[in-house]
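Secondary and tertiary structure notes
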Amino acid sequence: EKTDFMAYIHHIIDRFEMNAYEGIELRRELPEGQYYVWMDKDKMTQVLDNIISNAIKYSPEGGIIRIGIEKQRHQLVVSIQDEGIGISYDKVDKIFDRFYRADKARTRKLGGTGLGLAIAKELVEAHHGKIWAKSKKGKGTTVFFTLPLMNQKRRGS
Ligand code: ATP
Ligand code: MG
């Protein structure tokens, strides 16, 4: 359905903030105003729940998670940046594969199946978006995804 993505993401973040996560701060870097996307809310909630849960799961106590949105031409770019354990550059593209879990020793005790991001990728692509990540081991990870905006009037074309 047609959804104001800013109102929607505030609601998602509010819901995460109702739980305490060892002093982890969710910081909103969101534009004002209304940005409409056509989406399946339940599926988009699955995408964000997984990415934000990962950011929390792999963050240190007191870490900051920045949730940002930028408008780029006819799409929104959503970013979830953490200050967590990071992923080495040769593994970062594999995290979207089914059952892939980077650094088995450290991630084993944190649980999970390794399916979360593979599902997120399928769902983002079903919304005609793209998903990718940038990371630096020991510094943190940023997961990005795009979503096409609705009702974008084209000028000069
Ligand atoms: P599930 O989501 O199914 O509970 P999971 O979190 O292990 O399990 P994914 O969400 O698919 O699986 O993530 C795959 C792997 O990518 C993780 O096991 C972890 O190694 C790595 N990863 C994902 N997000 C982060 C992050 N924010 N920081 C560091 N590593 C991450
Ligand atoms: Mg996960």
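Just so you know, the residues in each chain are numbered from 1, in the order the chain's sequence is written. To read the labels, note that chains go from A and ligands from 1, taken in the order they are written. Residues qualify for local features only when their pLDDT is at least 70, as the model is predicted, and side-chain atom pairs are given and counted only at 80 or more; totals for whole chains, interfaces and linings, by contrast, use all residues. Side-chain descriptors were evaluated using all non-hydrogen atoms of the structure, hydrogens and water having been removed beforehand.

In the annotation of an unreviewed UniProt entry, the protein is listed under the name histidine kinase and assigned to Lentibacillus populi.

**Side note on the pairing of strand 4 (residues 64–72)**
Rule in force here: Note: two strands are recorded as paired if DSSP finds a minimum of 2 bridges between them. Numbering of helices and strands starts at the N terminus; helices are DSSP runs of H or I of at least 4 residues and strands are runs of E of at least 2.
Of the pairings in the sheet, the one linking strand 2 (residues 25–29) to strand 4 comprises 5 bridges and is parallel in character. When the sheet's bridge partners are listed, Arg-28 is paired in strand 4 with Ile-67. Inspection of the sheet shows strand 4 paired to strand 5 (residues 75–81) by 7 bridges, in the antiparallel sense. Bridged to Arg-66 within strand 5 is Gln-81. Between strand 4 and strand 5, which pair antiparallel one after the other, the connecting turn spans 2 residues, and Arg-73 there sits at a positive phi close to 50 degrees.

**Points about the pattern of salt bridges**
Which entries qualify depends on this criterion: Salt bridge criterion: a side-chain nitrogen from Lys or Arg within 4 Å of a carboxyl oxygen from Asp or Glu. We call a residue buried when its accessible area falls under 20% of the maximum for its residue type, exposed when it is over 50%, and partly exposed in between, using a 1.4 Å probe and counting protein chains only.
Under the counting rule described, the total for this entry stands at 10 salt bridges. In this structure, Glu-1 and Lys-41 form a salt bridge, with 4.0 Å as the shortest nitrogen-oxygen distance. Taken together, the residues Glu-1 in the segment before strand 1 (2–4) and Lys-41 in helix 2 (residues 41–57) connect sequence positions 40 residues apart. Overall, the relative accessible area of 47% leaves Glu-1 in the partly exposed class. Two residues, Glu-83 and Arg-66, come together in a salt bridge whose shortest N-O distance is 3.6 Å. In this pair, Glu-83 sits in the loop between strand 5 and helix 3 (104–108) while Arg-66 sits in strand 4, placing the two residues 17 residues apart along the sequence.

**Let's talk about helix 2**
Selection criterion: An expected span of 1.5 Å times one less than the residue number is assigned to each helix. Under this definition, polar contacts are N or O atom pairs within 3.5 Å; protein pairs additionally need one hydrogen-donor-capable and one acceptor-capable atom, and for neighbouring residues in sequence, both atoms have to be side-chain atoms.
With 17 residues, helix 2 extends 23 Å between its outermost C-alpha atoms, agreeing within 8% with the 24 Å of an ideal straight helix rising 1.5 Å per residue. Within the sequence span of helix 2, burial applies to Met-44, Thr-45, Val-47, Leu-48, Asn-50, Ile-51, Ile-52, Asn-54, Ala-55 and Ile-56. With a side-chain oxygen lying 3.1 Å from the backbone nitrogen of Asp-42, the N-terminal cap of helix 2 falls on Asp-40.

**Observations regarding the packing of aromatic side chains**
Here is the rule: In this scheme Phe, Tyr and Trp rings, the latter by its six-membered ring, pair at centre separations within 6.5 Å, and the angle between planes marks the pair as stacked below 30 degrees, edge-to-face above 60, and tilted otherwise.
Counted under the stated rule, the structure contains 2 aromatic pairs. Judged by centre distance (5.4 Å) and plane angle (50 degrees), the rings of Phe-5 and Tyr-8 are tilted. Here Phe-5 pairs with Tyr-8, and both are found in helix 1 (residues 5–17), just 3 residues apart, close to one helical turn. Both residues of the pair, Phe-5 and Tyr-8, count as buried. Taking 5.2 Å as the distance between ring centres and 10 degrees as the angle between the ring planes, the aromatic pair formed by Trp-132 and Phe-144 counts as stacked. Of this pair, Trp-132 sits in strand 6 (residues 131–136) while Phe-144 sits in strand 7 (residues 140–148); the two residues are 12 residues apart in sequence, bridging distant segments of the chain.

**Some thoughts on the site of ligand 1**
Let me state the cut-off plainly: For this purpose, a residue is taken to be near a molecule or strand whenever a single non-hydrogen atom of the residue falls within 4 Å of it. All residues other than Ala, Val, Leu, Ile, Met, Phe, Trp, Tyr, Cys, Pro, Asp, Glu, Lys and Arg, Gly among them, are scored as polar; the first ten of these are nonpolar and the last four charged.
Taken together, 21 residues form the shell around ligand 1, and within it Asn-54, Asp-82, Arg-101, Thr-113 and Leu-117 come nearest. Where the shell around ligand 1 is concerned, the elements lending two or more residues are helix 2 and helix 4 (116–126). The element best represented in the shell around ligand 1 is helix 2, accounting for 4 residues. Considering only residue class, the shell around ligand 1 consists of 9 nonpolar, 9 polar and 3 charged.

**Observations regarding the packing of helix 2 against helix 4**
This is how the line gets drawn: All axes are obtained by fitting lines to C-alpha atoms, using only the stretch in contact for helices, and the reported angles, taken between N-to-C directions, cover 0 to 180 degrees. Crossing chirality is assigned from the near helix's rotation relative to the far helix, an anticlockwise turn below a right angle marking it left-handed and a clockwise turn marking it right-handed. Contact between two residues is taken to exist if any of their heavy atoms lie within 4.5 Å; hydrogens are not considered.
Where helix 2 contacts helix 4, the two axes come as close as 9 Å, and the packing angle between them is 145 degrees. Handedness of the helix 2/helix 4 crossing: left-handed. Contact with helix 2, carried on its side by Lys-43, Gln-46, Val-47, Asn-50, Ile-51 and Asn-54, involves Gly-116, Leu-117, Ile-119, Ala-120, Leu-123 and Val-124 of helix 4 and no other residues of that element. In terms of residue class, the contact of helix 2 with helix 4 is made up of 7 nonpolar, 4 polar and 1 charged.

**Describing the packing of helix 1 against helix 2**
To keep it simple, the criterion reads: Convention used here: angles under 35 degrees read as roughly parallel, angles over 145 as roughly antiparallel, angles from 65 to 115 as roughly perpendicular, and any remaining angle as oblique.
Two numbers describe how helix 1 lies on helix 2: the axes approach to 11 Å, and their chain directions differ by 45 degrees. Taken together, the axes of helix 1 and helix 2 are oblique relative to one another. Handedness of the crossing formed by helix 1 with helix 2: right-handed. Note on element contacts: helix 2 touches helix 1 through Lys-41, Met-44, Thr-45, Leu-48, Asp-49, Ile-52, Ser-53 and Ile-56, opposite Phe-5, Tyr-8, Ile-9, Ile-12, Arg-15 and Phe-16. Residue classes in the contact of helix 1 with helix 2 are distributed as 9 nonpolar, 2 polar and 3 charged.

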